[in-house]
Structures are given as C-alpha cells and as structure tokens.
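Chain by chain, the residues:
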Amino acid sequence: METVREATGLLALDRQVCFALSIASRSVISLYRPLLQPMGLTHPQYLVMLALWENEPLSVKELGELLQLDPGTLSPLLKRLQALGYIHRERNSQDERALAVTLAPAGRQLRAEAEKIPPAIIARLGMDIEELEKLHQSLMRVISATHRANNPQVQA
C-alpha cells in the first residue's frame, strides 16, 4: 500500500525545480548586494550595465530583449542609472521613435571597479570554475526549454 509521503512525493517542496531555482537565485543575488552597494547599483541595474559594457549602444527595445525585461520594468532602471550619471538616453538619429542607451563617462569608468565582482562572487560561493560553468550551461538549457514551452509555435 502506498504511503501518503509516496503519494505526494511529486509535490514535495524539496523536489520542485521552481523552489530550488527561486532559493538559488535569491541566495546568489544576495552575495552581489554588498559588492554593488558602493557603486550605487542594484542587481538589475548591474545587469543593464553588463549589457551596455558588452554591446553599447543599444536601443531600449534591444536592451529589454537582451535582458528579457518588459519596458515597464526597464524604464525605471534606466532612469535611475541616468540619475546616477552612468548612462545617457537619447533619441536615435536614424529612428526618432527609438531611444538609444549609451554609457556616460562615469559608466565607462565603473567597469574597472565592476571587473572585481565576478572573482569575488566565485570566491564567496567557494565553487570551482568548472562547476559554475556546468551550472550556467544547465541553466541556459532550462531557459531555452522554458522559452520553447511558452512559445510552442517557435521552433528551437
């Protein structure tokens, strides 16, 4: 006869992928806070800066797609980064409807300080690079799988 524990095993909290991802996400982001605080950045703002350091200039639309953020979430982040003096938002000269996001000099200078963050996170996690790279690959597969599941009309 099946026990209650066995019957509800599929619903056990500690077996849920969503639970593990949620806790891992919050835990890892909490490691970033003390490193970002001296720069005046939140974690979402840091992600915007990473995207710009790698791909500047970007339209607001491109930035939203890259970071998978909707305009309602991205706009306040950009306003705050502009108020901090890290970015500029200007109308695109080729398309007046598009807003171009570029780095301000202070935003460019911030990159040197931000380069200290990845090694500090790796040290705080106490995991080796190979293990973290495998985790990253697995997470990217999960992201891809969720996109396919949420958009069945789009082929992978």
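## Focus: the pattern of salt bridges
Okay, so step 1: Taken as a whole and assessed by the stated rule, the structure comprises two salt bridges.
Okay, so step 2: Residues R108 and E56 are paired through a salt bridge, measuring 2.7 Å at the closest nitrogen-oxygen approach. On the criterion of sequence distance, the pair formed by R108 in helix α6 (residues 105-114) and E56 in the loop between α3 (43-55) and β1 (58-59) is long-range, its members being 52 residues apart.
Okay, so step 3: Assessed through its relative accessible area of 45%, R108 is described here as partly exposed.
Okay, so step 4: Residue E56 is classed as partly exposed on the basis of its relative accessible area, which comes to 26%.

## Here we look at the side chain of Q45
Okay, so step 1: Here Q45 shows up in helix α3.
Okay, so step 2: Q45 gets classed as buried once you look at its relative accessible area, which sits at 4%.
Okay, so step 3: Beyond its immediate stretch of four places on either side in the chain, Q45 contacts G40, L77, R80 and L81.

## Re the environment of E56
Okay, so step 1: Put simply, E56 and S25 are 31 residues apart on the chain and 27 Å apart in space, counted from C-alpha to C-alpha.
Okay, so step 2: When residues no more than four places from it in sequence are discounted, the contact partners of E56 are A51, V101, T102, L103 and R108.
Okay, so step 3: At a separation of 2.7 Å, a polar atom in the side chain of E56 contacts the side chain of R108.

## Observations regarding the packing of aromatic side chains
Think of a pair of aromatic rings as described by two things: how far the centres are apart, and how the planes are tilted against each other in angle.
Okay, so step 1: Applying the stated criterion to the full structure yields one aromatic pair.
Okay, so step 2: Both rings, one in Y32 and one in Y46, keep their centres 5.7 Å apart while their planes meet at 45°; by these two values the pair is tilted. Pair noted here: Y32 is in helix α2 (residues 17-36) and Y46 is in helix α3, with a separation of 14 residues, a long-range link.
Okay, so step 3: Since its relative accessible area comes to 15%, Y32 is described here as buried.

Rules and cut-offs
Residues numbered from 1 in each chain as written. Predicted model: local features only at pLDDT ≥ 70, side-chain atom pairs only at ≥ 80, totals over all residues. Heavy atoms only, no water. Salt bridge = Lys/Arg side-chain N within 4 Å of Asp/Glu carboxyl O. Helix = DSSP H or I, 4+ residues; strand = E, 2+ residues; numbered from the N terminus. Buried < 20%, exposed > 50% of the residue type's maximum accessible area, 1.4 Å probe, protein only. Contact = heavy atoms within 4.5 Å. Polar contact = N/O pair within 3.5 Å; in protein donor to acceptor, adjacent residues only side chain to side chain. Phe/Tyr/Trp six-rings, centres within 6.5 Å; stacked < 30°, edge-to-face > 60°.

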